[in-house]
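Coordinate inspection notes
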Amino acid sequence: ISKDVHNLAPLREKQESISIPIELGLNAYRFSISWSRILPTFDGPPNPEGIDFYNRLVNGLLLRGITPFLTIYHWDLPQYLHERGGWNSRKSVEWFAKYTDVLITSFGDRVKHWITINEPHCVAWFGYYRGWFAPGITDLQTSLNVAHHLLLAHGTATRLIKEKIIGSKVGFAPGLTPVYPASNRGADLRAAEFMDAYDIRWFLDPVYGKGYPTAALERFNLTPPILEGDMEVISTPTDFLGVNY
């Protein structure tokens, strides 16, 4: 990548995505990176055109005094990784670390605020259990595997970023929907407790060192594929919580 891509020279082309936060008077702008735009093949080198695209965005934001918040993963696993097992494979943690390292090398000199994964419940529950999102799988154990690997990838990436970017701030952005019981009846209270554990605390509790919620584990009667040291990696301290409400 040429040096002129990294400097803060005025942009030549109009960038509507940058004009929006300016018009709104915002001082920060969150955007998501496309994994396959950066690494279009499994073994090949990073795509310089993809990196240049985000360099122009980052530089344009900084030029205008807007802090970039980079989201590493927003549901777009490359097809070539899905064909190798996707998030159901523990190797996905290694793939995510490699991808994150490329982003650190490419943007870490200017981007200090990082969001590892956007709404992991949409990937795990909607993609591998409900079948609503890609890849359309409907298997509970597979979804638990995916959820665990997503959290492990989050913790691994958090450690990488904190190690390699001085002054970095790292968090993740779960989807948070409050749960209220329909009544004070026991069945409704138990249903609300489970939904809170399943939809919210399954992803919050492990990140903050509490492990997986018992209410959900008992209901599932299945367990995530936890190996020694996993929960320590998942609970690597973060700097902020992105609240998608």
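Keep in mind that what you see is a predicted model, and the values were worked out from it rather than measured.

What counts as what
- Residues numbered from 1 in each chain as written.
- Predicted model: local features only at pLDDT ≥ 70, side-chain atom pairs only at ≥ 80, totals over all residues.
- Heavy atoms only, no water.
- Axes fitted to C-alpha atoms, helices over the stretch in contact; angles between N-to-C directions.
- Helix = DSSP H or I, 4+ residues; strand = E, 2+ residues; numbered from the N terminus.
- Parallel < 35°, antiparallel > 145°, perpendicular 65-115°, else oblique.
- Left-handed = near helix turned anticlockwise from the far one by under 90°.
- Contact = heavy atoms within 4.5 Å.
- Nonpolar A, V, L, I, M, F, W, Y, C, P; charged D, E, K, R; others polar.
- pLDDT = per-residue confidence, 0-100.
- Expected span 1.5 Å × (residues − 1).
- Buried < 20%, exposed > 50% of the residue type's maximum accessible area, 1.4 Å probe, protein only.
- Core = buried A, V, L, I, M, F, W, Y, C linked by side-chain atoms within 4.5 Å.

1. So, the packing of helix H7 (residues 120-128) against helix H9 (residues 186-207)
At a minimum axis distance of 10 Å, the contact between H7 and H9 shows a crossing angle of 130 degrees. If you check the angle between H7 and H9, you find them oblique. Helix-helix and strand crossings are classified by hand; for H7 and H9 the assignment is right-handed. Within the contact between the two elements, H7 uses Pro-120, His-121, Ala-124 and Trp-125 and H9 uses Tyr-198, Asp-199, Trp-202 and Phe-203. A class-by-class count of the residues in the contact of H7 with H9 yields six nonpolar, one polar and one charged.

2. Looking at the confidence of the model for the protein
Taken over all residues, the pLDDT of the protein has a mean of 93, while the share at 70 or more is 93%. Taken together, the stretch residues 1-14 has pLDDT below 50 and engages in 23 contacts with residues farther than four places along the chain or on a different chain.

3. Focus on unusual backbone geometry
Note the cis peptide between Ala-134 and Pro-135, where omega equals 5 degrees. Relative to the assigned elements, Pro-135 resides in the loop between H7 and helix H8 (140-164). Even without glycine at this site, Trp-75 takes up a positive phi of about 80 degrees. The residue Glu-119 is not glycine, and still its phi comes out positive at about 45 degrees. Checked against the element boundaries, Glu-119 lands in the loop between strand S3 (113-118) and H7.

4. Comments concerning helix H6 (residues 91-107)
Here H6 is 17 residues long and its end C-alpha atoms lie 24 Å apart, about the 24 Å a rise of 1.5 Å per residue gives. For H6, a buried count of 12 out of 17 residues is recorded, marking the element as mostly surrounded by other parts of the structure. Taken as a whole, H6 has its buried residues at Ser-92, Val-93, Trp-95, Phe-96, Ala-97, Tyr-99, Thr-100, Val-102, Leu-103, Ile-104, Ser-106 and Phe-107.

5. Details of the nonpolar core
Formed by 67 residues in total, the largest nonpolar core has its most connected members in Trp-35, Trp-87, Phe-96 and Trp-125. With 11 residues, H8 is the single largest residue contributor to this core. Once you skip the residues sitting within four places of it in the chain, Trp-87 turns out to touch Trp-35, Tyr-73, Leu-77, Ser-92, Phe-96, Val-123, Tyr-128, Asn-145, Val-146, His-149, Leu-150 and Ala-153.

6. Section: the environment of Gly-25
Note that Gly-25 resides in the loop between helix H2 (16-24) and strand S1 (28-32). Each C-alpha atom, one on Gly-25 and one on Ile-66, is 9.5 Å from the other, the two residues being 41 residues apart in sequence.

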